[in-house]
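Breakdown of the fold
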Amino acid sequence: MHVQRFLASAWASVHGPSDPRRLLVNVLEARFAGLAVSPGPRALDWAALGHAAADLPFRFGAVRATYPGAEHSGLAGMASAKDGERQAAAKVVHAAAAIARQVKCPLVVIDPGVIPVMGDVEGEDLGDPSYDWTQPRVEALTARAKVGRNGALDRVCRELFQLVKSMPDIEFCLTQGRSLRSVAGLAAMQNIYEDLANLRLGYWHDAAVCARRHQIGLEAQGEWLESFGNRCRGMSLGDGSSDGLYLPPGAGGVDYSLLATYVPRTGSPMPVVLELDVAIPPAELPGIRSCLDKFGL
């Protein structure tokens, strides 16, 4: 198994102890290499956690700029035509970079915002179990988003160029967003990497979101890894189905055997992050570990 498995801090912050050192020991005892950082329902003191980890065999695997369980990402405005919304999104990225420096993990994962559309949006969250993603609904919203796609892409590329150039000590990775209006569709991501070919810009595979996109008739899961596998710096391993996102692995449509084929066999182990909805109880962890062990993840 050429991976290092991390636990997402959003889930750990809810189900683990509040004391920083006890939380880290709890994560290690659960057989994780450490935490992957993402803002969650309970605020954590990252300076204290970084200090507590100094004499432990503990690592921080990645820093996700926004909480993936939220319907509306703090980075949604990166593609906005409004200067203030783009500036707010940039502040979120800078805050994530600051945390990355505190915990000595210079890998920041971002989703590049959503495409603005005219009028109200009935539903957009792929993780909302109460919304029925019928083919007409998918086609209607994707058609509306297509109108603003090119302008959104141009703005995202400019924002990413400035962010990457301003923080050369940080390695940025793009990942999928859970909104159906997300800029990060397969073709758009290809365009971004082509336009910013001279920048150090990696890819982070969100297995749950990719599974949901496939289930509602969009890109197949393997297309993402086939297109960006050479840029892939890590993966989030929660599952996805019509019941929601970040379910226990094995409870949804993620093809874990496929994911395993894209894990490098040599070099540094790839960080993989167990990203779970905070409603998942700790009693699920043994079964989750067994599932991931079976696939070498």
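Everything that follows concerns the structure shown earlier in this document.
Residues numbered from 1 in each chain as written. Predicted model: local features only at pLDDT ≥ 70, side-chain atom pairs only at ≥ 80, totals over all residues. Heavy atoms only, no water.

**Points about the overall build of the protein chain**
In terms of regular secondary structure, the protein chain is built from 10 helices and 10 strands. Radius of gyration (C-alpha) of the protein chain: 18 Å, near the 19 Å computed for a compact globule of 297 residues. The burial tally for the protein chain puts 55% of its 297 residues in the buried class. Relative to all contacts within the protein chain whose residues are 6 or more apart in sequence, the contacts with residues 24 or more apart total 80%. As displayed, the protein chain offers around 12,700 Å² of accessible surface, 51% of which is attributable to carbon and sulfur atoms. Separation of charge centres in the protein chain, based on 29 positive and 32 negative side chains, amounts to 5 Å. (Helix = DSSP H or I, 4+ residues; strand = E, 2+ residues; numbered from the N terminus. Rg over C-alpha atoms; globule rule 2.2 N^0.38 Å. Buried < 20%, exposed > 50% of the residue type's maximum accessible area, 1.4 Å probe, protein only. Contact = heavy atoms within 4.5 Å. Areas by Shrake-Rupley, 256 points an atom, 1.4 Å probe, with all protein chains shown as cover. Lys, Arg positive; Asp, Glu negative; His and termini not counted. Charge placed at Lys NZ, Arg CZ, Asp CG, Glu CD.)

**Considerations on the side chain of Ser-241**
Among the structural elements, Ser-241 can be located in strand 8 (residues 239-241). With residues near it in sequence (within four places) discarded, Ser-241 still touches Arg-212, Gln-215, Leu-247, Ala-251 and Gly-252.

**A few points about the nonpolar core**
Among the nonpolar cores identified, the biggest contains 93 residues, and Phe-60, Ile-110 and Ile-192 are the most heavily contacted of them. Excluding its chain neighbours within four sequence positions, the residues that come into contact with Phe-60 are Phe-6, Leu-35, Val-37, Trp-46, Leu-49, Gly-50, Ala-53, Val-103 and Cys-105. In this structure, Leu-126, Tyr-131, Trp-133 and Leu-180 belong to the second largest nonpolar core, which totals seven residues. (Core = buried A, V, L, I, M, F, W, Y, C linked by side-chain atoms within 4.5 Å.)

**Side note on the pattern of salt bridges**
The final tally for this structure, using the stated rule, is 12 salt bridges. Between Arg-64 and Asp-206 there is a salt bridge, with its nearest N and O atoms 2.8 Å apart. Within this pair, whereas Arg-64 is found in strand 3 (residues 59-64), its partner Asp-206 is found in strand 6 (residues 201-206), the two being separated by 142 residues in sequence. A salt bridge links Glu-124 to Arg-181; the nearest nitrogen and oxygen atoms lie 3.2 Å apart. (Salt bridge = Lys/Arg side-chain N within 4 Å of Asp/Glu carboxyl O.)

**Some remarks on the sheet that holds strand 2 (residues 34-37)**
The strand order around the closed barrel formed by eight strands is 1-2-3-4-5-6-7-10, and the pairing between neighbours is parallel. In this sheet, neighbouring strand axes are inclined to one another by 30 degrees on average, regardless of whether the strands run parallel or antiparallel. Note that strand 5 (residues 171-174) and strand 6 share three bridges and pair parallel. Note on strand 6: the bridge partner recorded for Leu-174 is Tyr-203. In the packing of helix 7 (residues 207-215) onto the sheet, contacts are made with strand 6 and strand 7 (232-236), and the angle to strand 6 comes to roughly 65 degrees. Lying on the sheet, helix 8 (residues 221-228) is in contact with strand 6 and strand 7; it crosses strand 6 at an angle near 160 degrees. (Pairing = 2+ DSSP bridges. Axes fitted to C-alpha atoms, helices over the stretch in contact; angles between N-to-C directions.)

**Re the packing of aromatic side chains**
Scanning the model with the defined rule gives seven aromatic pairs in all. A ring pair is formed by Tyr-193 and Phe-228, whose centres lie 5.2 Å apart and whose planes are at 55 degrees; its orientation type is tilted. With Tyr-193 in helix 6 (residues 186-195) and Phe-228 in helix 8, this residue pair connects regions lying 35 residues apart in the sequence. Residue Tyr-193 shares its accessibility class with Phe-228, and that shared class is buried. An angle of 50 degrees between the planes, with centres 6.2 Å apart, marks the rings of Trp-224 and Phe-228 as tilted. Remark: Phe-228 and Trp-224 occur in helix 8; sequence separation between them is four residues, near one turn of the helix. Neither residue differs from the other here; Trp-224 and Phe-228 are each classed as buried. In textbook terms, an aromatic cluster arises when at least three aromatic residues are bridged by ring pairs, as seen for Tyr-193, Tyr-203, Trp-224 and Phe-228. The positively charged end of Arg-137 is found above the aromatic ring belonging to Tyr-131, 4.4 Å away from the centroid. (Phe/Tyr/Trp six-rings, centres within 6.5 Å; stacked < 30°, edge-to-face > 60°. Lys NZ or Arg CZ within 6 Å of the ring centre and 35° of its normal.)

**Here's the deal with the pairing of strand 1 (residues 3-8)**
Counting buried residues along strand 1, five of its six residues qualify, which places the element largely inside the surrounding structure. Inspection of the sheet shows strand 1 paired to strand 10 (residues 270-274) by five bridges, in the parallel sense. Bridge pairing in strand 10 links Leu-7 to Leu-274. Strand direction decides the pairing type here: strand 1 and strand 2, joined by three bridges, are parallel. Across the sheet, Leu-7 pairs through a bridge with Leu-35, a residue of strand 2.

**A short note on helix 2 (residues 20-29)**
For helix 2, the full list of buried residues reads Leu-23, Leu-24 and Val-27. On an axial view of helix 2, the arc spanned by its buried residues comes to 95 degrees, and they lie on one face. Looking at helix 2, the residues exposed on the side facing more than 90 degrees away from the buried face are Arg-22 and Glu-29. Close packing links the buried residues of helix 2 with strand 1, helix 1 (9-15), strand 2 and helix 3 (46-52). With a side-chain oxygen positioned 3.3 Å from the backbone nitrogen of Arg-21, the residue opening helix 2 is Asp-19. One or two positions beyond helix 2, positive phi appears at Arg-31, with a value near 70 degrees. (Arc of directions from axis to C-beta. Polar contact = N/O pair within 3.5 Å; in protein donor to acceptor, adjacent residues only side chain to side chain.)

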